[in-house]
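# A structural walkthrough
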Amino acid sequence: MIFGLGVFFLVYFAEVTHVIDWSMVSVVVVQIVLILGFQIFLYILKPESQGLTQLARSMKGRLVDAQTKSWVSMLSFLTILIALLVVSTVLIIGAMLLPNYTMYSIWARFIELGHSSVLLLIVVIVIQVFIVRHFEAHESRIMAIRPLVRRAESIRKDVLDPFDDLMLQRYKKTQEQFEAEFLEIRKKFYAIVIYQIVNIDIFGMSPVFLVGPRLKYLLDDKVLNHFHD
């Protein structure tokens, strides 16, 4: 919705009022494509689900596999890796850095021609924030459900069930075995709960859910000692 409105007004100011030229329209359209591509890239990668870690492991496995085969396989792997890095770099630069420069250039052009309006700019920003916030609130709620479901399953499978088994068999184990297994269970528990779902809202409205660290564990040396290795 925001990009569609942006393109509409770009065409209007270029074709009807001639405030900006078509080269600037082309630059903005290219940036919109890059921003959408960057969002699609994040959607596919799923960083909130450790997608970067999974991608790194996949690339490591492909590298090992390519090394055991011919030089053609190695060359193919390097080509794919370079292409992935180039595409990622272009998307990151185009989506995160260039829009700021373009906005400054367009605004400077409006000021030069005497068409600038702070009130109009404020109205546009408020509308865009409202639109973005609406979709962020909706999508973040869906996103938050997935890690919560995984967390509940992980706590049951990796913490509660092993702890029950350990307590049932505690008399069959030595003190050292019991402490080692209990320490491992605690480590898995802290690895799960060190992250939390954070709720950010605007005066109680439009809540957006984010995945963030739980500071009371992150700043606790007793907890961090479980991950020193």
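Description of the structure in this document. Every chain's residues receive numbers from 1 upward, in the order its sequence appears when written. With pLDDT at 70 or above as the cut-off, local features in this predicted model cover only qualifying residues; side-chain atom pairs require 80 or more to be listed or tallied, and sums for whole chains, interfaces and linings still use all residues. No hydrogens and no water enter the side-chain calculation; it runs on all heavy atoms of the structure.

Here the focus is the overall build of the protein. From N to C terminus, the protein includes nine helices and two strands. Using a 1.4 Å probe on the protein chains alone, a residue whose accessible area is under 20% of its type maximum counts as buried, one over 50% counts as exposed, and one in between counts as partly exposed. Residue burial in the protein is summarised as follows: out of 229 residues, 20% are buried. Residue pairs at least 24 apart in sequence account for 57% of intrachain contacts in the protein once pairs closer than 6 positions are excluded. Computed with a 1.4 Å probe, the accessible areas rest on the Shrake-Rupley method; for each residue, only the protein chains presented here act as cover. For the protein, the exposed surface amounts to about 16,800 Å²; the carbon and sulfur share of it is 68%. By definition, any uninterrupted DSSP run of H or I lasting at least four residues is a helix, any uninterrupted run of E lasting at least two residues is a strand, and each is numbered from the N terminus. Two residues qualify as a contact provided that any one of their heavy atoms is within 4.5 Å of a heavy atom in the partner residue.

Time to look at the packing of aromatic side chains. Here a pair means two rings of Phe, Tyr or Trp (six-membered ring of Trp) with centres within 6.5 Å. Their orientation is stacked below 30 degrees between planes, edge-to-face above 60, and tilted elsewhere. Tallied over the entire structure, the rule returns five aromatic pairs. Taken together, a centroid distance of 5.3 Å and an interplanar angle of 75 degrees make the contact between F8 and F9 edge-to-face. Residue class for F8 comes out exposed when judged on its relative accessible area of 53%. Since its relative accessible area comes to 43%, F9 is described here as partly exposed. Among the aromatic residues, those joined into a ring-pair cluster are F163, F178 and F182.

Ranked by size, the top nonpolar core spans nine residues in total: V159, L166, I185, Y190, I192, V193, I194, Y217 and V223. Elements that contribute at least two residues to this core include exactly α6 (118-168) and α7 (175-193). With four residues, α7 is the largest single contributor of residues to this core. In contact with V223, not counting residues within four places along its chain, are Y190 and Y217. The set of buried Ala, Val, Leu, Ile, Met, Phe, Trp, Tyr and Cys residues whose side-chain atoms join them within 4.5 Å is what this entry labels a nonpolar core. One finds A14, V19, I20 and V25 within the second-largest nonpolar core, a separate group that totals eight residues.

Looking now at the pairing of strand β1 (residues 195-202). Strands qualify as paired when DSSP identifies two bridges or more between them. As defined by bridge partners, β1 adjoins strand β2 (residues 205-213) across seven bridges and the pair is classed as antiparallel. Bridged to N199 within β2 is F209. The loop that links β1 with its antiparallel partner β2 comprises two residues; one of these, F203, has a positive phi angle of about 55 degrees.

What follows is about a nonpolar patch on the surface. A cluster of nonpolar side chains, namely L5, F8, F9, Y12 and V16, defines an oily patch on the protein surface of about 500 Å² accessible area. Relative to the helices and strands, L5 is located in helix α1 (residues 2-15). Patch membership requires over 30% relative accessible area and the absence of a salt bridge. Like charges are linked within 9 Å, and nonpolar side chains (Val, Leu, Ile, Met, Phe, Trp, Tyr) within 5 Å. We define a salt bridge as a side-chain nitrogen of Lys or Arg found within 4 Å of a carboxyl oxygen belonging to Asp or Glu.

It is worth spelling out the pattern of salt bridges at this point. Summed over the entire model, instances satisfying the criterion amount to three salt bridges. With a shortest N-O distance of 3.1 Å, D161 and R156 are connected by a salt bridge. Note that E181 is salt-bridged to K173, the shortest N-O span being 3.0 Å.

Within the secondary structure, L160 is located in helix α6. In this structure, the C-alpha to C-alpha distance between L160 and I185, residues 25 residues apart in sequence, is 8.7 Å.

Here R151 shows up in helix α6. Within this scheme the basic residues Lys and Arg register as positive and the acidic residues Asp and Glu register as negative, but His and the chain ends are omitted. The side chain of R151 is buried and forms no salt bridge, while D158, the nearest opposite charge, is found at 11 Å. In contact with R151, not counting residues within four places along its chain, are I192, Y195, Q196 and R214.

Here the focus is the packing of α1 against helix α2 (residues 22-45). Contact geometry of α1 with α2 gives a least axis separation of 9 Å together with a crossing angle of 170 degrees. Regarding the angle of α1 to α2, the classification is roughly antiparallel. Residue-level inspection shows F3, V7, L10, V11, A14 and E15 of α1 in contact with α2, the latter providing W22, V25, V28, I32, I35 and L36. Gly is put with the polar residues, along with every residue not named as nonpolar or charged; the nonpolar set is Ala, Val, Leu, Ile, Met, Phe, Trp, Tyr, Cys and Pro, and the charged set is Asp, Glu, Lys and Arg. Of the residues contributing to the contact of α1 with α2, the split by class is 11 nonpolar, no polar and one charged. Between the N-to-C directions of two axes lies an angle of 0 to 180 degrees, each axis being a line fitted to C-alpha atoms and, for a helix, fitted only over the stretch in contact. Roughly parallel means an angle under 35 degrees; roughly antiparallel, over 145; roughly perpendicular, 65 to 115; everything else is oblique.

A word on the environment of G212. Mapped onto the fold, G212 is located in strand β2. On the accessibility criterion, G212 (10% relative accessible area) is buried. Along the sequence, G212 and Y195 sit 17 residues apart, while their C-alpha atoms lie 5.6 Å from each other. If sequence neighbours within four positions are ignored, G212 has contacts with I194, Y195, Q196 and V198.

Below, the discussion takes up the environment of F130. Following the sequence through the fold, F130 ends up in helix α6. When the C-alpha positions of F130 and S206 are compared, they lie 9.2 Å apart, and in sequence the two are 76 residues distant.

This is a description of form; function is not addressed.
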